[in-house]
Amino acid sequence: MPATLIDGKAFAARVRAKVADHVTRLREEHGLVPGLAVVLVGEDPASQVYVRSKGKQTAEAGMASFEHKLDVKTSESDLLALIAKLNADPEVHGILVQLPLPAHLDSDLVINSIDPAKDVDGFHISNVGLLGTGQKSMVPCTPLGCLMMLRDHHGSLSGMNAVVVGRSNIVGKPMAQLLLGESCTVTIAHSRTRNLAEVCRGADILVAAVGRPEMISGDWVKPGATVIDVGINRVEGAEGKTRLVGDVDFASCAEVAGAITPVPGGVGPMTIACLLANTVTACCRANGLTEPEGLTA
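Reading guide: rules and limits
- Residues numbered from 1 in each chain as written.
- Predicted model: local features only at pLDDT ≥ 70, side-chain atom pairs only at ≥ 80, totals over all residues.
- Heavy atoms only, no water.
- Helix = DSSP H or I, 4+ residues; strand = E, 2+ residues; numbered from the N terminus.
- Buried < 20%, exposed > 50% of the residue type's maximum accessible area, 1.4 Å probe, protein only.
- Contact = heavy atoms within 4.5 Å.
- Areas by Shrake-Rupley, 256 points an atom, 1.4 Å probe, with all protein chains shown as cover.
- Lys, Arg positive; Asp, Glu negative; His and termini not counted.
- Charge placed at Lys NZ, Arg CZ, Asp CG, Glu CD.
- Pairing = 2+ DSSP bridges.
- Core = buried A, V, L, I, M, F, W, Y, C linked by side-chain atoms within 4.5 Å.
- Axes fitted to C-alpha atoms, helices over the stretch in contact; angles between N-to-C directions.
- Salt bridge = Lys/Arg side-chain N within 4 Å of Asp/Glu carboxyl O.

### Observations concerning the overall build of the chain
Next up, step 1: Counting secondary structure elements, the chain contains 10 helices and 11 strands.
Next up, step 2: Overall, the C-alpha framework of the chain stretches about 50 × 45 × 35 Å when taken along its three principal axes.
Next up, step 3: Scored against the burial criterion, the 297 residues of the chain give a buried share of 47%.
Next up, step 4: Put simply, 68% of the contacts in the chain that link residues at least 6 apart link residues at least 24 apart.
Next up, step 5: Total accessible area on the chain stands at roughly 13700 Å², and carbon and sulfur atoms take up 51% of it.
Next up, step 6: The averaged location of the 32 negative side-chain charges in the chain is 2 Å from the averaged location of its 26 positive side-chain charges.

Set out below in structure tokens:
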């Protein structure tokens, strides 16, 4: 039987609805409005699209949106000064600096200048360490979205064999930490893993985040496994037109897997939904309030 389709677009809509409910409750019961500040340096077209989408969805959830668009030649000192100002602003509960930054700016320095409690991307070294040691942290949005979908589909993940293909700091490594936290047996693989296909075939949960178009084919997938495709790659299709594909060959994998996310419409929509969820979580933590259920790890 063809795999069950895990509809990330529909799931993200449900997450955003939960976020909006919590925002309403925070405003009515505590007089609080969660605020998200997004900083964009330069005019990268893809980044501009992401920032517009984040601003729109933030407002739709009833949250305060603060956008800071800076010239591509903005100095490091000026950017750090803005972040310091946002760190000190009680109306800002979440800060996101849109990546990639222009080459003259040190991304690690900039990210690590954000107050870890407001680091809704979960990239600050303190949050990385907290996640890695199983403590309360801000969790990177894309892996958090993957975890939410896996929990929704399976319920308990305890004891399952999980293979994460990809070792990036943004997806692969935090995804592995989250799965360990769910009591999975976790293998981190990558493009240089020996016998990669065989490693993947041992997975009950296969997360593809390697950044290579349609690298994983159906004969790499264990029958009945759940496949989460984080990849988003633009490739040339018929008549010179481009199309988006993931890191797995969807057609062949869907014939073998028990469940699978599509590209587009799978993991992608969850990223912004989890950014909003993280901002609500940050607001609750900053004010000593109970965190919303189901919106964090």
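### Section: the sheet that holds strand 11 (residues 259-260)
Next up, step 1: Taken in spatial order, the 6 strands line up as 1-11-8-7-5-6 in an open sheet, and their pairing is parallel. Looking at which strands have only one partner, the edges of the open sheet turn out to be strand 1 (4-5) and strand 6 (185-189).
Next up, step 2: Here strand 1 pairs with strand 11 via 2 bridges, running parallel. What sits directly across from Leu5, in strand 11, is Ile260.

### Side note on the nonpolar core
Next up, step 1: If you look at the biggest cluster of nonpolar residues, it comprises 53 residues, and the most contacted ones within it are Val19 and Leu179.
Next up, step 2: Elements supplying a minimum of two residues to this core: helix 1 (8-30), strand 2 (35-41), helix 6 (141-154), strand 5 (161-165), helix 7 (172-181), strand 7 (205-208) and helix 10 (268-286).
Next up, step 3: With 10 residues, the top contributor of residues to this core is helix 10.
Next up, step 4: With residues near it in sequence (within four places) discarded, Leu179 still touches Leu150, Leu157, Ala162, Val164, Cys184, Val186 and Val207.
Next up, step 5: Counting 22 residues, the second largest nonpolar core, distinct from the first, contains Ala189, Ala197, Cys200 and Ala225.

### Concerning the sheet that holds strand 4 (residues 94-97)
Next up, step 1: Strand order in the open sheet made by the 3 strands is 3-2-4, with parallel pairing throughout. Among the strands making up the open sheet, the edge pair consists of strand 3 (64-70) and strand 4. The sheet shows a mean angle of 15° between the axes of neighbouring strands, taken without regard to direction.
Next up, step 2: Examined bridge by bridge, strand 2 and strand 4 share 4 bridges and lie parallel to one another. Residue pairing across strands places Val38 opposite Leu96, the latter belonging to strand 4.
Next up, step 3: The sheet strands contacting helix 2 (residues 45-60) are strand 2, strand 3 and strand 4, and the helix crosses strand 3 at an angle near 160°.

### Considerations on unusual backbone geometry
Next up, step 1: With omega at 0°, the peptide bond leading from Leu99 into Pro100 counts as cis.
Next up, step 2: By the secondary structure assignment, Pro100 is in the loop between strand 4 and helix 4 (107-111).
Next up, step 3: Positioned with a positive phi, Glu214 is a non-glycine residue whose angle comes to about 50°.
Next up, step 4: If you trace the backbone, Glu214 turns up in the loop between strand 7 and strand 8 (226-229).

### Focus on helix 7
Next up, step 1: All of the buried residues in helix 7 are Gly172, Pro174, Met175, Ala176, Leu178 and Leu179.
Next up, step 2: Ser183 occupies a position one or two residues after helix 7 and carries a positive phi of about 65°.

### Quick look at the pattern of salt bridges
Next up, step 1: Taken as a whole, this structure holds 7 salt bridges when the rule is applied.
Next up, step 2: The salt bridge involving Lys136 is made with Glu291; its shortest N-O contact spans 3.1 Å. Here the residue Lys136 occupies a position in the loop between helix 5 (125-132) and helix 6, and Glu291 occupies one in the segment after helix 10, the gap between them amounting to 155 residues.
Next up, step 3: The class for Lys136 is exposed, based on a relative accessible area of 57%.
Next up, step 4: Taken together, the salt bridges that share partners define one network made up of Lys136, Arg285 and Glu291.

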